[in-house]
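# Coordinate analysis (summary)
Here's the letter readout for the chains.
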Amino acid sequence: MTKAVPVIAIDGPGGSGKGTIGLLVAKELKFHFLDSGALYRLVGLAARHHGIAADNEEALTVLAGHMDVAFAAGKTGEPRVYLEGEDVTNDIRTDEVSQLASQVAAFPRVRAALFDRQRAFAKSPGLVADGRDMGTVVFPDADVKIFLTASAETRAERRFKQLQSMGSGASIGDLLTSIRDRDERDRNRPVAPLRPADDAIEIDSSHLNIDQVLQRVLEVVRNRLSAEPVSGQR
Ligand code: DC
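What counts, and at which threshold
- Residues numbered from 1 in each chain as written.
- Predicted model: local features only at pLDDT ≥ 70, side-chain atom pairs only at ≥ 80, totals over all residues.
- Heavy atoms only, no water.
- Helix = DSSP H or I, 4+ residues; strand = E, 2+ residues; numbered from the N terminus.
- Expected span 1.5 Å × (residues − 1).
- Contact = heavy atoms within 4.5 Å.
- Patch = residues over 30% accessible without salt bridge, like charges linked within 9 Å, V, L, I, M, F, W, Y side chains within 5 Å.
- Areas by Shrake-Rupley, 256 points an atom, 1.4 Å probe, with all protein chains shown as cover.
- Salt bridge = Lys/Arg side-chain N within 4 Å of Asp/Glu carboxyl O.
- Lys, Arg positive; Asp, Glu negative; His and termini not counted.
- Charge placed at Lys NZ, Arg CZ, Asp CG, Glu CD.
- Pairing = 2+ DSSP bridges.
- Axes fitted to C-alpha atoms, helices over the stretch in contact; angles between N-to-C directions.
- Near = heavy atom within 4 Å.
- Polar contact = N/O pair within 3.5 Å; in protein donor to acceptor, adjacent residues only side chain to side chain.

### Digging into helix α8 (residues 172-188)
Taking 1.5 Å of rise per residue, the 17 residues of α8 would be expected to cover 24 Å, and the 24 Å separating its terminal C-alpha atoms lies within 8% of that figure. Those residues of α8 that are buried are in contact with α2 (36-49), α4 (95-104) and α7 (152-165).

### With respect to a negative patch on the surface
Among the surface-exposed residues, Asp 68, Glu 84, Glu 86 and Asp 91 lie close enough to one another that they form a single negatively charged patch. The residue Glu 84 is located in the loop between β4 (79-83) and β5 (86-87) in this model.

### Observations regarding the sheet that holds strand β7 (residues 144-149)
Read across the open sheet, the 5 strands follow the order β2-β6-β1-β7-β8; overall the sheet is parallel. Every interior strand has two partners, whereas the edge strands, β2 (32-35) and β8 (201-204), have only one. Ignoring which end each strand starts from, the neighbouring axes of this sheet average 20° apart. Across 4 bridges, the pairing between strand β1 (residues 7-11) and β7 is parallel. Residue pairing across strands places Ala 9 opposite Lys 145, the latter belonging to β7. The strands touched by helix α9 (residues 210-227) are β1, β7 and β8; relative to β7, the strand with the most contacts, the crossing angle is about 160°.

### A short note on the site of the ligand
By nearness alone, 17 residues border the ligand, and Arg 41, Arg 111, Arg 132, Arg 182 and Arg 189 come closest of all. Contact between the ligand and Ser 36: a nitrogen atom at 3.0 Å from a side-chain N or O atom of the residue. Contact between the ligand and Arg 132: an oxygen atom at 2.8 Å from a side-chain N or O atom of the residue. Expressed as a share of its isolated accessible area of 440 Å², the protein-covered part of the ligand is 97%. Those elements giving two or more residues to the shell around the ligand turn out to be α2, α4 and α8. Among the elements that make up the shell around the ligand, the one with the highest residue count is α2 (4 residues).

### Concerning the sheet that holds β5
Pairing in this open sheet of 3 strands is antiparallel, and the strands run β3-β4-β5 from one edge to the other. Every other strand in the sheet has two partners, leaving β3 (69-73) and β5 as the edge strands with one partner each.

This is the structure:
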């Protein structure tokens, strides 16, 4: 398990803003970006495409190890996700796929099958990795670990606004229930549960705007990266 480039792990529950912040940090530092949640979502979507049940760990593990996925920048530099050559950027964000992703993510062998794919994102000049277990399991050697939180109510409200801007509707109550269900499953699963690494810095974004969170994260990152030699180069 070698890692010769700086890695910044940003973990937290769904809707805490880690995806948005992670992308902005990666852009600012000109680092690569790993949206690990997208990989679990892709397993969920691929399972649906191939008629594989969400409780069939054996088949889901094969799928996780072999599915043909690609990440590329779109016309305006936005991240796009491909499954078997098809652009599924929007398809993996539906509530149905969110729940499927959280279900398949509870299987240890599915997680193991995605481990090397995730580690392979650590390339020069560096990586920002966003997920639930980046700082605890996939990159325990990360140079910077951030745990981003926000109250369930704030996260439901953010999701509501995001859906509204996409022209879809949902009730805040349903979104809150869905967020709580997912939190419960992600936090209480026996393997790689959602929790801050012992050496993570926690930031609660409930009452901060995106720019305030970004500045706080960049401050932490710059302090850490300038203070420490990059692991693997020590
Ligand atoms: O970050 P996200 O909402 O796109 O993640 C979707 C699901 O994938 C989430 O409910 C839990 C799972 N996940 C995980 O178990 N480990 C990760 N590193 C990232 C996501």
